[in-house]
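Here is what each chain is made of, one letter per residue.
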Amino acid sequence: MDESVFHRIYEEYHQDVYRFLIYLTKDRMLSEDLLHEVYVRVLKSYGNFQGKSSERTWLFSIARNVAFDHFRRSSVRRKRTDESFDWDTEQPADRGPTPEEAAVHGDEMIGLFKVLDDCTEDQRMVLIMRFLQELSIAETAEVLGWTEAKVKTTQHRALKKARELLEVSDGRGGGGR
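On a predicted model such as this, the values are computed, not experimentally measured, just so you know.

1. Considering the overall build of the protein
Consideration 1: Looking only at helices and strands, one finds nine helices and two strands in the protein.
Consideration 2: Starting at the N terminus and ending at the C terminus, the protein contains elements arranged as α-α-α-α-β-β-α-α-α-α-α.
Consideration 3: Of all 177 residues assigned to the protein, the portion counted as buried reaches 42%.
Consideration 4: In the protein, the share of contacts with a sequence separation of at least 24, taken over all contacts with a separation of at least 6, comes to 61%.
Consideration 5: Of the roughly 10,100 Å² that the protein leaves accessible, carbon and sulfur atoms contribute 49%.

2. Considerations on unusual backbone geometry
Consideration 1: Even without being a glycine, lysine 26 presents a positive backbone phi close to 60°.
Consideration 2: Structurally, the position occupied by lysine 26 is in the loop between α1 (3-25) and α2 (28-45).
Consideration 3: Residue class for lysine 26 comes out buried when judged on its relative accessible area of 9%.

3. A look at the pattern of salt bridges
Consideration 1: This structure, assessed with the given rule, holds seven salt bridges.
Consideration 2: With a shortest N-O distance of 4.0 Å, arginine 56 and aspartate 16 are connected by a salt bridge. A residue pair is termed long-range when its members are at least 10 positions apart, and arginine 56 in helix α3 (residues 55-74) and aspartate 16 in helix α1 qualify at 40 residues.
Consideration 3: Residue aspartate 117 is joined to lysine 26 by a salt bridge in which the shortest nitrogen-to-oxygen separation is 2.3 Å. Placement of aspartate 117 in helix α6 (residues 106-118) and of lysine 26 in the loop between α1 and α2 is noted, with a sequence separation of 91 residues between them.

4. Some details on the packing of aromatic side chains
When we look at a pair of aromatic rings, we describe it by the centre distance and by the angle of the planes.
Consideration 1: One pass over the structure, following the stated rule, counts seven aromatic pairs.
Consideration 2: Centre to centre, the rings of tyrosine 46 and tryptophan 58 are 5.7 Å apart; their planes meet at 70°, and the pair counts as edge-to-face. On the criterion of sequence distance, the pair formed by tyrosine 46 in the loop between α2 and α3 and tryptophan 58 in helix α3 is long-range, its members being 12 residues apart.
Consideration 3: Judged by its relative accessible area of 13%, tryptophan 58 falls in the buried class.
Consideration 4: Among the aromatic side chains, those forming a connected cluster through ring pairs are Phe6, Tyr10 and Tyr39.
Consideration 5: The ring of phenylalanine 131 has arginine 130 sitting right over it, with the charged end atom 5.6 Å from the ring centre.

5. Considering the nonpolar core
Consideration 1: Formed by 43 residues in total, the largest nonpolar core has its most connected members in Val17, Phe20, Leu21, Val38, Tyr39, Val42 and Leu59.
Consideration 2: Secondary-structure elements contributing two or more residues to this core are α1, α2, α3, α6, α7 (121-132), α8 (137-144) and α9 (148-169).
Consideration 3: Every residue in contact with tyrosine 39, bar those within four places of it in the chain, is listed here: Phe6, Ile9, Tyr10, Tyr13, His14, Val17 and Leu59.

6. Looking at the packing of α8 against α9
Consideration 1: Running from N to C, α8 and α9 cross one another at 105°; their axes reach a closest spacing of 8 Å. When the axes of α8 and α9 are compared, the pair comes out roughly perpendicular. Along the contact surface, α8 presents Ile137, Ala138, Thr140 and Ala141, while α9 presents Glu148, Val151, Lys152 and Gln155.
Consideration 2: Its residues placed into classes, the contact of α8 with α9 shows four nonpolar, two polar and two charged.

Criteria and cut-off values
All chains use their own residue numbering, which begins from 1 and follows the written sequence. In view of the model being predicted, local features appear only for residues whose pLDDT reaches at least 70, and side-chain atom pairs are presented and counted only at 80 or more, with totals across whole chains, interfaces and linings using the full set of residues. By convention in this description, side-chain values take in all heavy atoms of the structure and omit both hydrogens and water. Secondary structure counts use DSSP, requiring at least four H or I residues in a row for a helix and at least two E residues in a row for a strand, with both numbered from the N terminus. Throughout this description, buried means an accessible area under 20% of the type-specific maximum (1.4 Å probe, protein chains only), exposed means over 50%, and partly exposed covers the range between. Here, two residues are considered to be in contact whenever any of their heavy atoms come within 4.5 Å of each other. In this description, accessible areas are obtained by the Shrake-Rupley approach with a 1.4 Å probe, and a residue is regarded as covered only by the protein chains that are shown. Here, a salt bridge means any side-chain nitrogen of Lys or Arg that lies within 4 Å of a carboxyl oxygen of Asp or Glu. Centres within 6.5 Å make a pair out of two Phe, Tyr or Trp rings, where for Trp the six-membered ring is used; the pair is then stacked when the planes are under 30 degrees apart, edge-to-face when over 60, and tilted otherwise. Throughout this description, the term charge over a ring refers to an Arg CZ or Lys NZ atom that lies within 6 Å of the ring centre and within 35 degrees of the ring normal. Joining through side-chain atoms within 4.5 Å is the link that ties buried Ala, Val, Leu, Ile, Met, Phe, Trp, Tyr and Cys residues into a set, and such a set is a nonpolar core. The convention used is that axes are lines fitted to C-alpha atoms, helices contributing only their stretch in contact, and that angles between N-to-C directions extend from 0 to 180 degrees. With respect to orientation, any angle under 35 degrees is reported as roughly parallel, any angle over 145 as roughly antiparallel, any angle of 65 to 115 as roughly perpendicular, and every other angle as oblique. Polarity classes work like this: nonpolar for Ala, Val, Leu, Ile, Met, Phe, Trp, Tyr, Cys and Pro, charged for Asp, Glu, Lys and Arg, and polar for all others, with Gly in that last group.

Pasting the structure below:
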């Protein structure tokens, strides 16, 4: 892989991939480590990249696989939430300042994590990719290896569940719908 190509890919996408990993792991330090692993895999596999998808989609697929590999290896699926969330202050644990802290703060992040935690893994992945990473339905389907119909159905169910959860947290109930 040409060094200039690697630098271009890194500069163009590293913030999006890092943010994606933060949403998956809820741990900035772990996300930084996983980001390094993503780019190690990019270096190793770029020669096999055939251009059938966009570089962005390809990178999100790698990032997703890196994160899932990590969780499978370390068996910390449930534990990671407790370690990366300060329940006393009801905020994500402070792992040091990042550019994302300027964009996403306080109650919105808490609400987002609570909604994502209450969704199924498939729903969480679709919400992160579609609305936080702004991937298209086609790109999301490609990253997940699903049909576009499955992405749309999962997105519909995830949004319905998120709406219900937000209504309950706002004290409006939501049982009558």
